[in-house]
Amino acid sequence: MIIHFITVGQKMPKWVQEGYAEYAKRLPKNCSLNLVELPMAQRGKTGSVDKYKTEEAKRILAAVPKGARLIVLDEHGQQVTTKQLADKLEDWLGGGQDVALIVGGPDGLDQSLIQQAQWKWGLSKLTMPHPMVRILVAEQIYRAYSVINNHPYHRE
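First, a word on what this report is: a plain description of the structure on this page. (Residues numbered from 1 in each chain as written. Predicted model: local features only at pLDDT ≥ 70, side-chain atom pairs only at ≥ 80, totals over all residues. Heavy atoms only, no water.)

With respect to the sheet that holds strand S4 (residues 99-103)
Two strands in a sheet stick together by hydrogen bonds in their backbones, pointing the same way (parallel) or opposite ways (antiparallel).
Link 1 in the chain: Read across the sheet, five strands follow the order S2-S1-S4-S3-S5 without closing on themselves; strand pairing throughout is parallel. At either margin of the open sheet sits one strand with a lone partner, and together these are strand S2 (32-38) and strand S5 (119-121). On average, adjacent strands in this sheet sit at an angle of 30 degrees to one another, irrespective of strand direction.
Link 2 in the chain: As judged from the five bridges shared by strand S1 (residues 2-8) and S4, these two strands associate in the parallel manner. Counted as the bridge partner of His4 is Ala100 from S4. (Pairing = 2+ DSSP bridges. Helix = DSSP H or I, 4+ residues; strand = E, 2+ residues; numbered from the N terminus. Axes fitted to C-alpha atoms, helices over the stretch in contact; angles between N-to-C directions.)

Comments concerning the pattern of salt bridges
Link 1 in the chain: According to the stated counting rule, one finds nine salt bridges in the structure shown.
Link 2 in the chain: Between Glu18 and Lys14 there is a salt bridge; the shortest N-O distance is 3.7 Å. Placement of the pair is Glu18 and Lys14 together in helix H1 (residues 14-24), with a separation of four residues, close to one helical turn.
Link 3 in the chain: Beyond isolated ion pairs, a larger network of salt bridges with shared partners links Glu22, Lys25 and Arg26. (Salt bridge = Lys/Arg side-chain N within 4 Å of Asp/Glu carboxyl O.)

Description of the nonpolar core
Link 1 in the chain: Core analysis: the biggest nonpolar cluster contains 31 residues, and Ile3, Leu33, Leu89, Trp92, Leu101, Trp121 and Val137 have the highest contact counts within it.
Link 2 in the chain: Where this core is concerned, the elements lending two or more residues are S1, H1, strand S3 (69-78), helix H3 (82-95), S4, S5 and helix H5 (130-148).
Link 3 in the chain: Top contributing element to this core by residue count: H5, with nine residues.
Link 4 in the chain: Other than its neighbours up to four places away in sequence, Ile3 contacts Cys31, Ser32, Leu33, Asn34, Leu89, Val99, Leu101 and Ile141.
Link 5 in the chain: Counting 15 residues, the second-largest nonpolar core is a separate cluster that includes Val8, Val64, Val72 and Leu109. (Core = buried A, V, L, I, M, F, W, Y, C linked by side-chain atoms within 4.5 Å. Buried < 20%, exposed > 50% of the residue type's maximum accessible area, 1.4 Å probe, protein only. Contact = heavy atoms within 4.5 Å.)

Some points on the environment of Gln111
Link 1 in the chain: Inspection of the secondary structure assignment puts Gln111 in helix H4 (residues 111-116).
Link 2 in the chain: Judged by relative accessible area, Gln111 falls into the partly exposed class, the value being 47%.
Link 3 in the chain: On a C-alpha basis, the gap between Gln111 and Asp50 in space is 9.4 Å, while along the polypeptide they are 61 residues apart.

Things to note about the pairing of S1
Link 1 in the chain: Burial analysis of S1 places six of its seven residues in the buried class, the great majority of the element.
Link 2 in the chain: Bridge count between S1 and S2: seven bridges; the pairing is parallel. If you follow Ile2 over to S2, its bridge partner there is Ser32.
Link 3 in the chain: Crossover S1 to S2 through H1 is right-handed. (Right-handed = clockwise from strand over helix to strand, strands pointing away.)

Structure representation (structure tokens):
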């Protein structure tokens, strides 16, 4: 299974790239993390947020591999414990299909994308900067994988 981590936003600082890469490289091939960075919609003085989100949704959907399970990160999504995330990951691994894990741009995700999602994941009630989200998600996927495999990385 491949988790296609599809994000809106490019050109992250080196510390973000290194932090993300540190956790992504720890995952085995049967649960690999593939970062797909998409450009944000061009913002202007006269544009609308809805227009930007619609444009970004089109780019996102074009990047989702055919047959992939669609998961969105959303501020109103379900917040889970590490064990609950491990259970989700185990289901995904057993399901035999790739996962498309979506992070929207600065204005969030278009409602049409959120409605199509098979799961809405809320990381926290806190507002987090997108660079931190990349590292946090990679670490949590690795942590969930370590729980499934009884690896000592996660200690209860």
